[in-house]
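# Remarks on the overall topology
What follows is the residue order along each chain.
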Amino acid sequence: MIRVGVVGLGKMGLSHLSMIRAHPDVSVEAVVDSAGYILGVLSKYTGLKTFTDFEKMLDSVELDAVLIATPTRFHAAMVRTALDRGLHVFCEKPLTLTAAESAELAAVAAVRGLVTQVGYHNRFVGTFREAKRLLEGGAIGRVTHLQAESYGPVVLKAKGTTWRSKRTEGGGCLYDYAAHPLDLATWFVGNATGVGGTILGSVFSENTEDEVYSTIYFADGVSGQLSVNWSDESYRKMTTRVSIFGTQGKIIADRQEIQVYLRSTAPELEGYEPGWTIKSTTELTDEVWFYLRGEEYSAQLDHFVQRIGDPSLPATNDFASAAITDRIIELLTADAAAGPATTTLVGETTASTAPKARRGSLLGRRS
Amino acid sequence: MSTTAPRTADSGGPLTTPGSSKLDPVLFGDNQFFGINHRSEEKAREQAMRFQDLDAIMAVIDDAYASGIRTLMCTTHDRIADVVERVRADPERYDGFSFFPCMPYAHKYADAVTENGILGALNRFMPGEGMLNAMMRGGRSLAKKDIEGIITLLVDAEMAGFAGVRTPVVWLQNVVVDLLLGLGFTDAFAIFANHVRTRYGAEPGFITMNLPMLLDHLDQAGIENPLVCSNINKIGFRMSGGVEAYQDALAKRPFRAVAMSVFASGAIPPREALEWIYAQPGIESIVFGASSRSHIESTVALVREFEN
C-alpha cells in the first residue's frame with residue numbers, strides 16, 4: 001500500500017482525492033485544507049483524517065507521497081518541504097510560478113531519487129498518445145509547424161472571487177488554460193527556442209488575461225502557434241486541439257478523435273492508409289480502475305502510483321518536463337510585457353496605428 | 001419485459017410496460033441536443049448549431065413520441081425547461097409522456113466553482129440565500145442536518161423546472177455519484193434517495209461509470225434493489241471494473257439496470273449492439289439519443305424485434 005496525503009481540496013483536489021482513494025494500491029492517510037467546513041464533512045462522513053496545516057500533517061502521519069492541489073502560489077514551498085522529507089510528489093499544474101524554481105525542484109527531486117509528476121492530464125488522453133506515437137515513428141515526415149489551441153467557457157463576466165482570477169496567484173488563462181496546449185506542444189516537438197508576437201488579451205477579466213496568442217519557435221526550425229481563449233462560451237467545456245504539419249502528412253488531434261492525413265509518399269504504417277484515417281477515443285483508450293471525469297485523470301494517477309512502485313519506469317510529466325512548460329510560460333509573459341514588435345514599410349506608419357515602441361526585451365530578439 | 005398489445009417490428013403503439021412498475025424498455029436521451037458527442041467535436045458542434053432552435057429539439061422529440069417512446073431522460077440544462085414548458089402546455093399531444101431528470105448539470109457547477117469557489121457556487125444555486133452563510137459564520141463544522149439540508153435544497157432547485165409534468169424517476173448524475181463513491185461519502189446516496197421518494201414520490205436512480213463498485217456502496221447505504229444506469233456495451237467502453245464484472249453483477253446482484261452507451265457512441269453497429277444487450281440478463285431498459293427520425297425508427301424497430 002502506498003500511503004498518500006492529499007493537500008488542497010478545491011475542484012481538482014476533491015476529484016483527485018476521490019480517484020486516488022478508490023485506487024486498490026493506495027491508502028489515503030490524511031487530507032489538508034484551510035477550509036474547516038470541507039474537513040468537517042469529510043471527517044464525519046468518510047472517516048478521513050483531516051488537518052488544516054500541511055506541516056502538522058507531515059509530522060503526524062507516515063506517508064510515502066503527497067498530492068498537492070493548492071493554489072499555484074503555494075506549490076513551490078510545499079513541494080520543497082515534501083521533497084526534503086523524502087516524499088514522492090504529484091503536483092497540480094503549473095508546477096510553480098517561476099521557471100527557475102521549477103527547474104530547481106526538478107533537480108532536488110532527481111538528486112534524491114524521488115518520483116515526481118505534474119497534472120498535465122492531456123498526455124494520458126488516448127488520441128494525444130496516438131499522435132505522440134505517430135510522431136516518434138516519423139509517420140508525417142519532418143514536422144514543420146504545430147498549432148495548439150484551447151477554448152472554453154470559464155470566465156464569462158468581469159468579476160471572479162477566487163485565486164483563479166488573479167494572475168499573481170497563478171490564475172488567468174495563461175497558467176490555467178494555455179499551460180495545457182503548451183505542454184502538449186513541447187511533448188510533441190520539444191523545447192522552445194523563443195517566442196514572439198505574444199498577446200495576453202482581456203475579454204472580461206480585470207486582473208488577468210482571458211486570451212493568449214503567440215508564435216513559438218521550437219528546436220530544429222519547427223514553428224508553432226498558440227491560440228487560447230477561456231471566455232468562449234460557444235464551447236460547452238474546455239476543448240484542446242493540436243494540429244501538426246509535416247512533410248509527409250498532418251495530424252489533427254483532440255480529446256475525441258485523431259484525424260491523420262498521409263501523402264502517398266509517406267512511410268507505410270499499420271492501421272493507416274494514404275489519405276485520411278480517423279480513429280476515435282473509443283478505440284484508443286485503455287480501461288481504468290475507476291472513472292470519474294475522463295480516463296486520463298485516472299490514468300495519470302495510476303502512472304504516479306506505478307512509478308512509486310517501480311521508479312525505473314519511464315516518466316510522463318515529471319518535474320523536469322513541467323519545468324520546460326513553466327519556462328515557456330515565463331517567455332510568453334515577458335514577450336507580452338515587452339509590447340508588440342511589428343514590421344512596417346517605410347513611410348506607412350501613422351500615429352494612430354503605430355504600436356508602442358518595443359522596450360528592450362528581457363529575452364533578446366531573434367535575428 | 002411484457003407488453004399488453006401485440007405489435008409488429010416496424011409499427012405500433014407506445015413502447016411502455018403498462019400495469020407494471022418497470023421502466024419503459026427504451027428511454028430517449030438528450031446528449032445530442034446539447035453538443036455532447038463522445039466521438040467527434042465536429043459532430044458535437046454541428047448538433048449544437050442545429051439544436052439551438054427549440055423547434056428543432058421538439059421535432060426530434062415528436063419523432064421519438066411517434067415511434068412509441070414515452071420517456072425523455074434529460075439533464076437539468078436550462079434549455080430543458082423550455083421543452084418541459086411545451087409538453088406541459090399540450091398534455092393531449094404528449095399523453096403519457098414522462099421526464100427522468102438527471103441532476104445536477106455538472107458543468108454549471110464546475111464553472112461556478114472556478115469562478116466563486118465551492119461555497120460561492122453553492123450559495124449561487126441554493127434557494128434561501130444566506131442560509132449557507134449563516135451556517136458558515138464562525139467556521140463551525142456542518143452538522144448532519146445541515147448536509148441533508150444542502151442536498152435537499154439543491155435537489156429542489158433542480159426539480160423546480162419540472163413542476164406539472166410527470167417525473168417518476170429522478171437520477172443523480174454520474175460525475176456526482178462517482179465523486180461521492182470515490183470519497184466514500186455513502187450516506188449522501190441515502191439522503192438523496194429518501195428525499196426523492198418522500199418529496200417527489202419518485203424512484204431515485206444512480207448513474208455511474210463504476211457499476212460493480214457502486215452496487216457495494218448502495219448496499220451499505222441500505223438502498224434495496226436500486227435503479228442504476230451505466231454504460232453497458234459489447235466492447236466494454238467506459239465500463240470500469242471490466243465487462244465480466246458487469247456481466248457478473250447483471251446475473252447475480254439485485255438491482256434494476258438501465259444501459260446507456262449501448263452503441264459505444266457509434267463504435268458498434270446497431271443490430272450487433274442490441275443483440276448483445278438483449279442476450280444479457282437483467283437489463284430493464286436502455287437509453288439512447290438520436291437526432292434523425294430514421295435513426296430513432298430503426299433503433300425502436302430493433303428493440304421491438306429483440307424484445308419479442
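What counts, and at which threshold
Residues numbered from 1 in each chain as written. Chains lettered and ligands numbered in written order. Predicted model: local features only at pLDDT ≥ 70, side-chain atom pairs only at ≥ 80, totals over all residues. Pairing = 2+ DSSP bridges. Helix = DSSP H or I, 4+ residues; strand = E, 2+ residues; numbered from the N terminus. Contact = placed C-beta atoms within 7 Å. Axes fitted to C-alpha atoms, helices over the stretch in contact; angles between N-to-C directions. Parallel < 35°, antiparallel > 145°, perpendicular 65-115°, else oblique. Left-handed = near helix turned anticlockwise from the far one by under 90°. Nonpolar A, V, L, I, M, F, W, Y, C, P; charged D, E, K, R; others polar. Buried ≥ 20, exposed ≤ 12 C-beta atoms within 10 Å, placed from the backbone.

## Side note on the sheet that holds strand 1 (residues 2–7) of chain A
Residues and elements named next belong to chain A.
- Spatially, six strands are ordered 3-2-1-4-5-6 in an open sheet, and the strand pairing comes out parallel. With one partner strand each, in any of the chains shown, strand 3 (50–51) and strand 6 (116–118) form the two edges of the open sheet.
- Relative to strand 2 (residues 26–32), strand 1 is paired through six bridges, and the arrangement is parallel. Residue pairing for strand 2: Ile-2 is matched across the bridge by Val-26.
- Against the sheet, helix 4 (residues 75–84) contacts strand 1, strand 4 (65–68) and strand 5 (88–91), and its axis sits at roughly 160° relative to strand 5.

## Digging into the packing of helix 7 (residues 173–189) of chain A against helix 10 (residues 319–337) of chain A
Residue and element names in this part refer to chain A.
- Following both chains from N to C, one finds helix 7 and helix 10 inclined at 120°, their axes separated by 9 Å at the closest point. Relative to helix 10, the element helix 7 is oriented oblique. Viewed along their axes, helix 7 and helix 10 form a crossing whose handedness is right-handed. Within the contact between the two elements, helix 7 uses Leu-174, Tyr-175, Ala-179, Leu-182, Asp-183 and Thr-186 and helix 10 uses Ile-324, Thr-325, Ile-328, Ile-329, Leu-332 and Thr-333.
- Split into classes, the residues belonging to the contact of helix 7 with helix 10 amount to eight nonpolar, three polar and one charged.

## Digging into unusual backbone geometry
- The omega torsion of the bond from Lys-93 of chain A to Pro-94 of chain A falls at -15°, within 30 degrees of zero and hence cis.
- Tracing the chain through its elements places Pro-94 of chain A in the loop between strand 5 and helix 5 (99–112).
- Of note, the amide linkage connecting Met-103 of chain B to Pro-104 of chain B takes the cis form, showing an omega dihedral of -10°.
- Mapped onto the secondary structure, Pro-104 of chain B falls in the loop between strand 3 (98–103) and helix 4 (106–125).
- Positive phi, close to 50°, is recorded for Ser-261 of chain B, a residue that is not glycine.
- The topology assignment puts Ser-261 of chain B in the loop between strand 7 (256–260) and helix 11 (270–279).
- Under the C-beta neighbour-count criterion, Ser-261 of chain B is labelled buried, with 27 such atoms within 10 Å.
- Of note in this structure, Ser-265 of chain B is not a glycine but carries a positive phi near 50°.
- With respect to the helices and strands, the residue Ser-265 of chain B is situated in the loop between strand 7 and helix 11.
- Using a count of 21 C-beta atoms within 10 Å as the deciding quantity, one classes Ser-265 of chain B as buried.

## A short note on the environment of Glu-209 of chain A
Residue and element names in this part refer to chain A.
- Position of Glu-209 relative to the elements: it lies in the loop between strand 8 (192–201) and strand 9 (211–218).
- Residue Glu-209 is classed as buried on the basis of its 27 C-beta neighbours within 10 Å.
- Measuring from C-alpha to C-alpha, the distance between Glu-209 and Val-155 comes to 10.0 Å, with 54 residues separating the pair along the chain.
- Here Glu-209 is in contact with Gly-172, Cys-173, Leu-174, Leu-200, Gly-201 and Ser-202, once residues within four sequence places are set aside.

## Focus: helix 6 (residues 126–136) of chain A
Residue and element names in this part refer to chain A.
- Among the residues making up helix 6, those that are buried are Gly-126, Thr-127, Phe-128, Arg-129, Glu-130, Ala-131 and Leu-134.
- Where the residues of helix 6 are buried, they touch helix 7, strand 11 (239–246), strand 12 (249–253), strand 13 (257–262), strand 14 (275–280) and helix 8 (281–284).
- A positive backbone phi angle near 70° is found at Gly-138, which sits one or two residues after helix 6.

## So, the interface of chain B and chain A
- Between chain B and chain A, the contact holds 39 residues from the first and 38 residues from the second.
- For the side of chain B that touches chain A, the secondary structure elements donating two or more residues are helix 4 and helix 7 (174–183) of chain B.
- Sort the elements by how many residues they give to the side of chain B that touches chain A and helix 4 of chain B lands first, with 10 residues.
- Considering only residue class, the side of chain B that touches chain A consists of 15 nonpolar, 17 polar and seven charged.

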